[in-house]
Amino acid sequence: MSDTLDTLENITYDELNEGDTATFTRTLSEDELVLFAAVSGDVNPVHLDSEFAAGSMFKERIAHGMWSGSLISAALATVMPGPGTIYLEQSLSFKRPVKLDDTLTVKLKVLRKEPKGRVVVECNVRNQNDQQVVIGEAKVIAPTEKVSLHKPRLPKITIEN
């Protein structure tokens, strides 16, 4: 399963099986990095100031760690289990920095099903060079009713300096 369709269809608790996988892919643009800073309030200069970041251990600007985490959230909410999923827990271990124009792929894998609709999911995020960026586990409540709907159209957002 992947995130390429214009339709969102969930996978219910009863349909999920241990070992099921799904992916979600996104590329970090300059605009997305700036928007994430604006929305989150995290204006650490290592994300936004090239001169400051050049003096950091990374030698260049890097993405917010939680941008990678937000891709996991998007994958769980839109791909597997999908619409109707309720996020309960998330562990994250950041393995390497994400830089502008990196393309990240979130791979979800169902580790186990628990009572009361709970599902534990491995969350593995890798960059375009197949290097691990983030690893973790999520616990969600999977939906019990099947839904299929069109992805919502988001408004165009412009950034002014």
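Computed from a predicted model, the values in this text were never measured in an experiment.

*Asks:* What am I meant to see in the pattern of salt bridges here?
*Replies:* Side chains carrying opposite charge are able to pair once their charged atoms draw close together. Under the counting rule described, the total for this entry stands at 7 salt bridges. Between Lys99 and Glu60 there is a salt bridge, and its shortest N-O distance comes to 3.0 Å. Placement of the pair is Lys99 in the loop between β3 (86-94) and β4 (103-113) and Glu60 in the loop between α3 (50-54) and α4 (65-78), with a sequence separation of 39 residues. With relative accessibility at 26%, the residue Lys99 sits in the partly exposed group. Its relative accessible area of 36% is what places Glu60 among the partly exposed residues. Connected through salt bridges with shared partners, the residues Arg112, Glu114 and Lys139 form a single ionic network.

*Asks:* I tried to follow the sheet that holds β3 on my own but got confused; where do I start?
*Replies:* To summarise the sheet geometry, strands pair through backbone hydrogen bonds and adopt either a parallel or an antiparallel arrangement. Pairing within the open sheet is antiparallel, and its 5 strands lie in the order β2-β4-β5-β6-β3. With one partner strand each, in any of the chains shown, β2 (21-27) and β3 form the two edges of the open sheet. Adjacent strand axes in the sheet meet at a mean angle of 20°, parallel and antiparallel pairs treated alike. Across 8 bridges, β3 lies against strand β6 (residues 132-141) in antiparallel orientation. Its bridge partner lying in β6, Ile86 is registered against Ile141. In the packing of α4 onto the sheet, the strands contacted are β2, β3, β4, β5 (118-126) and β6, and the crossing angle to β3 comes to about 145°.

*Asks:* Would you explain α4 in this entry?
*Replies:* Because the α-helix completes a turn every 3.6 residues, residues three or four places apart line up on one side. Helix length check: α4 (14 residues) gives 21 Å between terminal C-alpha atoms against 20 Å at 1.5 Å per residue, within 8%. Against β2, α1 (30-40), β3, β4, β5 and β6 lie the buried residues of α4.

*Asks:* What's the story with unusual backbone geometry in this structure? I'm lost.
*Replies:* Peptide bonds are mostly trans, and most non-glycine residues show a negative phi. The linkage connecting Met80 with the following residue, Pro81, adopts the cis geometry, with an omega of 0°. Along the chain, Pro81 turns up in the loop between α4 and β3. The backbone phi angle of Asp130 is positive, close to 60°, even though this residue is not glycine. Of note, Asp130 is situated in the loop between β5 and β6.

*Asks:* Got a minute to help me understand α1 in this structure?
*Replies:* Among all positions in α1, only Glu32, Leu33 and Ala37 are buried. One side of α1 holds all its buried residues, which, seen down the axis, span an arc of 140°. For α1, the exposed residues lying more than 90 degrees away from the buried face are Ala38 and Val39. As for α1, its buried residues are in contact with β2, α2 (45-48) and α4. Positive backbone phi, approximately 85°, marks Gly41, located one or two places after α1.

Thresholds applied
- Residues numbered from 1 in each chain as written.
- Predicted model: local features only at pLDDT ≥ 70, side-chain atom pairs only at ≥ 80, totals over all residues.
- Heavy atoms only, no water.
- Salt bridge = Lys/Arg side-chain N within 4 Å of Asp/Glu carboxyl O.
- Helix = DSSP H or I, 4+ residues; strand = E, 2+ residues; numbered from the N terminus.
- Buried < 20%, exposed > 50% of the residue type's maximum accessible area, 1.4 Å probe, protein only.
- Pairing = 2+ DSSP bridges.
- Axes fitted to C-alpha atoms, helices over the stretch in contact; angles between N-to-C directions.
- Contact = heavy atoms within 4.5 Å.
- Expected span 1.5 Å × (residues − 1).
- Arc of directions from axis to C-beta.

This is a description of form; function is not addressed.
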